[in-house]
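Residue strings, one per chain:
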Amino acid sequence: MPGDKSISHRAAMIAALAGGSSRLRNYAFSQDCLATVSCLQQLGAGITRIGPDLQVQTVGGFSAPATLLDCGNSGSTMRMLAGVLAGQAFAATLTGDESLRARPMRRIIEPLELMGARFESQNGCPPLTIDGTQSLSPISYRLPVASAQVKSSILLAALQAAGRTRVIEPTATRDHTERMLQWFGVPLEIVRSTDSSETTIAIEGPASFPARDISIPGDISSAACFIAAATLLTGSDLVLEDVGLNTTRTKFLSVLQSLGAQIDIENVRNECNEVVGLVRVRGGMESPAADRTERAALSGSLIPELIDELPLLAVLATQIEGGLEIREAAELRVKETDRIAATVHNLRSMGAEVEEYPDGLAVNGPVRLRGATIEPRGDHRIAMAFTVAALIAESDSEIADSDCVNVSFPEFFALLAGITEH
Ligand code: S3P
């Protein structure tokens, strides 16, 4: 699998904040992660590609960019870079494509303004001009939305603030920023509440730290499409090596296992403060799925840890006895596209029975899908999830605008073709 997208963004930004030269092995060369690279280059970081790796050389601080910083389709780039820029002594403007320019940024503006940065936006949406300051104040901030991007943005600003910043997250989200800061030698205090799912992360600024090499594991969210495809296609036997298995990202595997998928995890080890291992998937669902009569349900604290895999789970639900209901997932409506609407629309085109709710959807199963023209609406995860649906449909499907997979996984169609037998 290509390098993990979430970890790649963080590695580039944190290496650019470090002192010296860091080698980032297995960097994700997808459009999103390349947008992060080009923004950092415009800020003065020396970044070169060496085969599958990235070499990041810092030059003692960032400088004001000559033009707008274009984050493309990448919410992670914009939100996390805003945290970096909050602590700079210059103003910079972040913009992006049409999809990104419609996405909510108040969630980062509010905490970063409390720390002392000033913002201009279009009613809370990009373009976003950040007037940074080298005298950021620490804050204690409870996340109103479960978002790893917002948490990370505050932590990156906190590195540059004078004093102790605390971020309180009511439910767990991916913790790659915390792990990577620790890898780079930045002390963090992480306290998990014993009587709730709350976690407090405290960081003391200003923190300077030296460069360090890092290996980026394979992307589990990209792997999820292949794991779903292998599960749905009887006779499959698929082995994925060196995949990231951080437990804030692996709920997709446990949900699939609970539905009867045959997934084994082996050779689990720690690499650069992340968990990595091998995933083996055999085709077909074992008995639990067949025995179940009730509809499976996903909601609450599970949602943030499944967020990028929910469209794929909705596709899988069409093949599950009793189907699946996903609730409390309104965040899906503010992703690269409204993923609830896009999933419902494309599932219905394929003949599935779906109910749409403001905060989710319910899918009946099992049903035989028919081929259709899929409209991903520019969203890479929708394009890939419905390519998996197309593999099990009765007739051919066409994925319109399929280039959008380049946002996270340019090799997707070639890799899939290479391991699928007709
Ligand atoms: C990401 C966090 C999630 C996820 C996105 C990547 C990250 O977004 O959907 O694909 O790398 O931190 P939110 O923070 O908006 O939930």
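About the thresholds
Residues numbered from 1 in each chain as written. Predicted model: local features only at pLDDT ≥ 70, side-chain atom pairs only at ≥ 80, totals over all residues. Heavy atoms only, no water. Near = heavy atom within 4 Å. Polar contact = N/O pair within 3.5 Å; in protein donor to acceptor, adjacent residues only side chain to side chain. Areas by Shrake-Rupley, 256 points an atom, 1.4 Å probe, with all protein chains shown as cover. 1 Å grid on protein atoms, 1.4 Å probe; cavity = no way out; pocket = protein on both sides within 12 Å on 5 of 7 lines; lining within 4 Å. Sits in = over half its atoms within 2 Å of the grid points. Helix = DSSP H or I, 4+ residues; strand = E, 2+ residues; numbered from the N terminus. Nonpolar A, V, L, I, M, F, W, Y, C, P; charged D, E, K, R; others polar. Buried < 20%, exposed > 50% of the residue type's maximum accessible area, 1.4 Å probe, protein only. Pairing = 2+ DSSP bridges.

K.L.:
Explain the site of the ligand to me, and be specific about the residues and the numbers.
P.N.:
Around the ligand, a shell composed of 13 residues is seen, among which S6, R10, S147, D308 and K335 lie nearest. In this structure, an oxygen atom belonging to the ligand sits 2.7 Å away from a side-chain N or O atom of S6. The contact in question runs from an oxygen atom of the ligand to an N or O atom on the backbone of A148, over 3.1 Å. Isolated, the ligand exposes 380 Å² of accessible area, and the fraction of that covered by the protein chains is 94%. Judged by the proximity of its atoms to the pocket grid, the ligand belongs to the largest pocket. Elements represented by at least two residues in the shell around the ligand include exactly α1 (5-17), α3 (75-85) and α5 (148-158). Of the residues contributing to the shell around the ligand, the split by class is three nonpolar, four polar and six charged.

K.L.:
Summarise helix α6 (residues 176-183); cite the residues concerned and give the values.
P.N.:
The buried count for α6 comes to seven of eight residues, which makes it a mostly enclosed element. Buried within α6 we find H176, T177, E178, R179, M180, L181 and W183. Just downstream of α6, G185 is the residue with a positive phi angle, here 90 degrees.

K.L.:
Outline the pairing of strand β14 (residues 261-271), listing residues and values.
P.N.:
In the sheet, β14 pairs with strand β15 (residues 274-285) via nine bridges, with the strands oriented antiparallel. Across the sheet, the residue bridging to A261 is M285, located in β15. Counted between consecutive antiparallel strands, the loop separating β14 from β15 contains two residues, among which C272 sits at a positive phi close to 55 degrees.

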